[in-house]
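In case you want the letters, here they are:
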Amino acid sequence: MPQHIRSAWFKTLGQLALILVLAAVVGLVVGHPWPVVTLAALGVVAWHYWRLRKVLLRLTARQRLEPARGDGVWNELDRLLYRGQAEMRTRKRRLLAMLRAYRAAAAALPDAVVVVERNSQRVQWFNKAATSLLGLEYPHDIGAAIGERLQPLPMSHWLAAGRNAEPMLDAASPIDANLRLNLRLIPYSDQHWLLVARDVSKMLRLEQMRRDFVANVSHELRTPLTVVHGYLDMLEPGEFPDWAPMLAEMQKQSQRMTQLVEDLLTLSRLEAQDSLPDESIAMAPMLATLRREAEALSQRRHTIVVQDEAGVDLSGSNKELHSAFSNLVSNAVRYTPAGGTITVRFAREADGGAVLSVRDTGYGIPAAHLPRITERFYRVSTSRSRESGGTGLGLSIVKHVLNLHQARLEIESEVGHGSTFSVHFNAERLQPRLDASTLPLPDSQTA
Ligand code: ADP
């Protein structure tokens, strides 16, 4: 017990003893000691009750307490209560100031921020940007059902999916179709979710401008290149023996440029598309074509193995998937030294899907390069890619085509031992193989 409380306590006890002693003395003087002492004791009890009542009244009045003066336990209690209240007020004021500062910061954010109550899916709070980006109005929309309020955004569906939901969504703003928003749903507590919407229209416009620029440049380059290439082809090296090596190099380089322009145009075209036609793809003829292409490219320098074990066909774009598979096969041939083996295998997977894999016994790719290998113009070895006639765009094209088929590319590689590029298709992309003439090839066919 602190010193001042102990002294107040003893002071009150001393006062009690003094009163009782005085009462006893007065009692003895008047000849009735016990009744007088009893009266005095009752008086003391009454006074304590009165002080207790005062404390209760002060506490229940929820008013600001006055600092108590005087000593004794009751005044000490008053002082403690006053101090407690003052501390509480200061803490409250500090918390309020902090809360206001946070709210002001959230309100000033350029992104729309909406606090949503999880169970009821109702709006609890939102900032200013939520008005300009999502059209929420204060105070009318506080407590509004967010799903209905933000239609046609798939909010209800998204909230219902909960923590398993896609973390991000790109959509048009419900108030302006030209405003493209990037929406994020962040479950930050069991009861509350944060919806954050960012205006990405400018970024998308820039992205579109970049794509248009690349597409236009490629398109503009195509005609002059065709002319140059055409004239170069017309020149017979035999007629200009001195120029023969230069002529061959010029032809090679113009061929490379033409290929580059064609690949850039293919990429631009794929980027501009949201989906591709859904055709039936007969896999047996597709694999036979891939084998022919590999053999033509290999010129008998490699062993080509094709294994068709899936017994199903695919659905998607015949032309684009052929270009993707053929890119993988051509890479396998180009990056495998003579004497190596290229294995193309089409098989079912345990999850009900199917996989087309292209395995080679070539140079392999160091692990550090794997994460970036599908980026445009990314090459492990620029000289090797150039020598083999590569543009550095092949795997980018493959990735785009596969994305449009909801398929995924997996790459395993070991330097010096070879690489395996596997394309995984979902079960939804599979179709029963009907045509008897396209039944699976024998297990393994070797060229
Ligand atoms: P490129 O036209 O240069 O072949 P790609 O986009 O097709 O461009 O491939 C990118 C890079 O990935 C290549 O330059 C090469 O370094 C590497 N690569 C692709 N496939 C293979 C493979 N089967 N074996 C080894 N390296 C490969």
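Rules used throughout
In this numbering scheme, every chain counts its residues from 1 along its sequence in written order. Thresholds applied to this predicted model are a pLDDT of at least 70 for local features of residues and 80 or more for the giving and counting of side-chain atom pairs; totals over whole chains, interfaces and linings are not thresholded and use all residues. Processing note: side-chain calculations cover all non-hydrogen atoms of the structure and skip hydrogens and water entirely. Here a strand is any run of E in DSSP of at least two residues, a helix any run of H or I of at least four, and the numbering for each starts at the N terminus. Here a polar contact means two N or O atoms within 3.5 Å. Within protein one must be a hydrogen donor candidate and the other an acceptor candidate, and residues neighboring in sequence count only if both atoms are side-chain atoms. Every residue pair with non-hydrogen atoms within 4.5 Å of one another is taken to be in contact. Only protein chains enter the accessibility calculation, which uses a 1.4 Å probe; a residue whose area is less than 20% of its type maximum is buried, one above 50% is exposed, and one in between is partly exposed. Two strands form a pair only when DSSP identifies at least two bridges running between them. UniProt positions are given in the numbering used here, feature names are shortened, and annotations may be inferred rather than shown by experiment. For helices, the axis comes from a line fit to the C-alpha atoms of the stretch in contact; other axes are also lines fit to C-alpha atoms, and the angle between any two N-to-C directions lies between 0 and 180 degrees.

1. A closer look at the side chain of S419
Thinking step 1. The topology assignment puts S419 in strand β12 (residues 418-425).
Thinking step 2. At a separation of 3.0 Å, a polar atom in the side chain of S419 contacts the side chain of S413.
Thinking step 3. Excluding its chain neighbours within four sequence positions, the residues that come into contact with S419 are V358, R359, D360, G364, I365, E412 and S413.

2. A short note on the pairing of strand β8 (residues 312-316)
Thinking step 1. Of all five residues that make up β8, five are buried, and the element is covered over most of its length.
Thinking step 2. Bridge count for strand β6 (residues 279-281) against β8 is three bridges, and the pairing is antiparallel. Paired with I281 across the two strands is L314, which belongs to β8.

3. Section: the UniProt feature "transmembrane region" (unreviewed entry) in the protein chain
Thinking step 1. With numbering matched to this structure, UniProt assigns "transmembrane region" (unreviewed entry) to residues 12-30.
Thinking step 2. Structurally, residues 12-30 comprises 100% helix and 0% strand, and the distance from its first C-alpha atom to its last is 27 Å.

4. A few points about the pairing of strand β2 (residues 122-126)
Thinking step 1. For strand β1 (residues 112-117) and β2, the ladder comprises four bridges, and the chain directions are antiparallel. Paired with E117 across the two strands is R122, which belongs to β2.
Thinking step 2. The antiparallel pairing of β1 with β2 creates a hairpin that spans four residues between the two strands, and Q121 there sits at a positive phi of about 55°.

5. Quick notes on the sheet that holds β8
Remark on secondary structure: sheet strands pair via backbone hydrogen bonds, oriented parallel or antiparallel.
Thinking step 1. Pairing is antiparallel across the open sheet formed by three strands, whose spatial order is β6-β8-β13. Strand pairing shows two members of the sheet lacking a second neighbour, β6 and β13 (430-432), which therefore form its edges. Put simply, the sheet's adjacent strands are angled 40° from each other on average, direction ignored.
Thinking step 2. Direction of pairing for β8 relative to β13: antiparallel, over a ladder of three bridges. Counted as the bridge partner of L314 is L430 from β13.

6. Focus: the UniProt feature "domain: Histidine kinase" (unreviewed entry) in the protein chain
Thinking step 1. Look at the UniProt record and you will see "domain: Histidine kinase" (unreviewed entry) annotated at residues 216-429.
Thinking step 2. In the segment residues 216-429, helix accounts for 45% and strand for 21%; the C-alpha atoms at its two ends are 34 Å apart.

7. Remarks on the sheet that holds strand β5 (residues 192-199)
Thinking step 1. Spatially, the five strands line up as an open sheet ordered β2-β1-β5-β4-β3, and their pairing is antiparallel. In this open sheet, the two strands that pair with only one neighbour each are β2 and β3 (168-172). Here the average twist between neighbouring strands, direction ignored, is 30°.
Thinking step 2. In this sheet, β5 lies alongside strand β4 (residues 180-187) in antiparallel orientation, the contact comprising seven bridges. Paired with P187 across the two strands is W193, which belongs to β5.

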